[in-house]
Amino acid sequence: MRERNNIILKFIDKQLGPVLLILLGAFSRRRKYDVPSPDDLKVLVIKTGAFGDALLVGSAVSLIKKQKPKSKVTFICTFSNVQAVRGLGGVDQIYVFDLKRPWSSFAKLKALGRFDLVLDFAPWARLNGLISFFAAARYKVGFKTNGMHRHYVYDAVVEHSSSIHELDNYRNLLAAAGIRGGMPHPSFSPDPAGVAPVAEEDLQGTVVLHPFPGGALRRLKEWPEENWVAWGKKIVGTGRRIMITGGCDDAEAADRLAARIGDQALSRAGSYNLNQTAWAIMKSGRLVTVDTGVMHLGSAVGAKVVSLHGPTSPERWGANGPGANAIYHSFPCSPCISLGFESKCRDPKCMQEIKVDEVFSSLFDR
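Summarised in this report is the structure supplied together with it. In this text, all values refer to a predicted model and were calculated from it rather than measured experimentally. (Residues numbered from 1 in each chain as written. Predicted model: local features only at pLDDT ≥ 70, side-chain atom pairs only at ≥ 80, totals over all residues. Heavy atoms only, no water.)

1. What about the pairing of strand 2 (residues 72–77)?
Counted only if it meets this: Buried residues are those whose accessible area, probed at 1.4 Å on protein chains only, stays under 20% of the maximum for their type, while exposed residues exceed 50% and partly exposed ones sit between those limits. Each helix corresponds to a stretch of at least 4 residues labelled H or I by DSSP, and each strand to a stretch of at least 2 residues labelled E; elements are numbered beginning at the N terminus. Pairing between strands is defined by DSSP: at least two bridges between them are needed. Note on handedness: a clockwise path from strand one over the helix to strand two, with the strands aimed away from the viewer, defines a right-handed crossover.
Counting buried positions along strand 2 gives 5 out of 6 residues, so the element sits mostly inside the fold. By the bridge criterion, 5 bridges tie strand 1 (residues 42–46) to strand 2 in an arrangement that is parallel. From the neighbouring strand, Val45 faces strand 2, where its bridge partner is Phe75. Of the crossover connections in this fold, the one passing from strand 1 over helix 3 (residues 51–67) to the parallel strand 2 is right-handed.

The structure is reproduced here in structure tokens:
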């Protein structure tokens, strides 16, 4: 069973989740919280779902460790984003919540022990609220998101805003727990022991291309294939090569795109896992991508990142780092996606407005 974009899981989360959280919230005792002075807090961080979001949560973990250097951080994730969590600094323990066996996963929460602080970074998933409820902790902080009906089980509730960058939402959540400071840039460290066969590739002079968005409305974030072909031909015309990355579901489209660009374009979609993809981007130093998790991965490994935005605003979801360069043309109807599922658009003119030449030049502008 797929975890992400699973219709059954979404239905259960939407229909059953709010009812359970309202009932559980009615029996929850709101606790007052005195900001602890010790540096050795036991902190539980919860973020299921997309791996790009987990990379952003890594910035919050870094701030926790900076402010409370002796703290022990346990990260609850799912199989969808555990590879991202493994590359984050500051995480002392990882617990993978198995969505195929939810009751067993809930039962095993007790073995994690009691925490000083629970931080739930999910803005809409009710599953995270249920995990927060059953986790033993002195104090629990989570988001209240308009229309999501998921905030009833927390001791402190933070309004989740769609008008600021997600990192700023995370900073507000930390502030409610007395942890304040500037958010570091996301950082990811690929494991050198697990990068074969990508380590055998000659990545000098290579540009990594990731043209495949994720999420329920991924079609709205796509850039036309004809544009990618024209852009790719301009790149190989400079003497550079292109490596196309993606998941197993993207392999056929990636192979077709590589063939249309020419011999200097290589398809690796479906061949590399997240750790290996991160290594390839880090060693090549340049990434061109649509708005998806790989965009944050590229920024987190320190690459020059050119990201194409249309239905999503870079001010809301853009890559965060010194090498980030977002291309975005605002329309009266854009942005139309904040959490990933709101848009009713059928004709994403915002993506079609992005020109080949500006994507080409942005890659080499500093």
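2. Side note on the sheet that holds strand 10 (residues 286–290)
In plain terms, the rule: Angles shown run from 0 to 180 degrees and are taken between the N-to-C directions of axes, each axis being a line fitted to C-alpha atoms and, for helices, limited to the stretch in contact.
On the basis of which strands lie adjacent, the open sheet formed by 6 strands has the order 9-8-7-10-11-12 and parallel pairing. Where the open sheet ends on each side, the last strands, each with one partner, are strand 9 (265–267) and strand 12 (324–328). Each strand of the sheet is rotated relative to its neighbour by a mean of 20 degrees, with strand direction disregarded.

3. A few points about the state of the cysteines
Disulfides are covalent bonds that link the sulfur atoms of two cysteine residues. To keep things clear, this is the line we draw: When two cysteine sulfur atoms lie within 2.5 Å, the pair is treated as a disulfide.
Following the criterion strictly, the structure yields 0 disulfides and no others. The structure places no disulfide on Cys248, whose sulfur is separated from the nearest cysteine sulfur, that of Cys77, by 20 Å. The exposure class assigned to Cys248 is exposed, which follows from its relative accessible area of 62%.

4. Concerning the pattern of salt bridges
Selection criterion: Put simply, a salt bridge is a Lys or Arg side-chain nitrogen that is within 4 Å of an Asp or Glu carboxyl oxygen.
Per the stated rule, a full pass over the model turns up 13 salt bridges. Residue Arg101 is joined to Asp98 by a salt bridge in which the shortest nitrogen-to-oxygen separation is 3.0 Å. Note that Arg316 is salt-bridged to Glu166, the shortest N-O span being 2.7 Å. Of the two residues, Arg316 is situated in helix 12 (residues 314–317) and Glu166 in helix 7 (residues 166–176); the sequence distance between them amounts to 150 residues. For the pair shown, Arg316 and Glu166 are each scored as buried. Via salt bridges that share partners, Glu225, Glu226, Arg256 and Arg260 belong to a single interconnected network.

5. Considerations on the nonpolar core
Filter applied, for reference: For this analysis, a nonpolar core means a set of buried residues of the types Ala, Val, Leu, Ile, Met, Phe, Trp, Tyr and Cys, connected via side-chain atoms within 4.5 Å. Two residues form a contact once any of their heavy atoms are found within 4.5 Å.
In this structure, Val45, Phe75, Leu119, Phe121, Val141 and Leu174 are the most contacted members of the largest nonpolar core, which totals 49 residues. When neighbours within four sequence positions are excluded, Phe75 is seen to be in contact with Val45, Lys47, Val57, Val61, Val85, Leu88, Val91, Gln93, Ile94 and Tyr95. Listed in part, the 28 residues of the second largest apolar core include Val207, Leu209, Ile235 and Ala265.

6. What about unusual backbone geometry?
Here Ala196 and Pro197 are connected by a cis peptide whose omega angle stands at 10 degrees. Here Pro197 shows up in the loop between helix 7 and strand 7 (206–210). Backbone geometry places His149, a non-glycine residue, at a positive phi of 55 degrees. Tracing the sequence through the fold places His149 in the loop between strand 5 (140–144) and strand 6 (156–159). Using a relative accessible area of 40% as the deciding quantity, one classes His149 as partly exposed.

7. Focus on the sheet that holds strand 6
Across the sheet, 6 strands lie side by side as 3-2-1-4-5-6; this open sheet has parallel pairing. With partners counted over all chains shown, the strands left at the sheet margins are strand 3 (93–96) and strand 6, one partner each. Recorded for the sheet is a direction-independent mean angle of 20 degrees between the axes of neighbouring strands. Relative to strand 5, strand 4 (residues 117–120) runs parallel, the two sharing 2 bridges. The residue of strand 5 that forms the bridge with Leu119 is Val141. Across the sheet, helix 3 is in contact with strand 1, strand 2 and strand 4; its angle to strand 2 comes to roughly 165 degrees.

Purely geometric stuff here, so don't read any function into it on its own.
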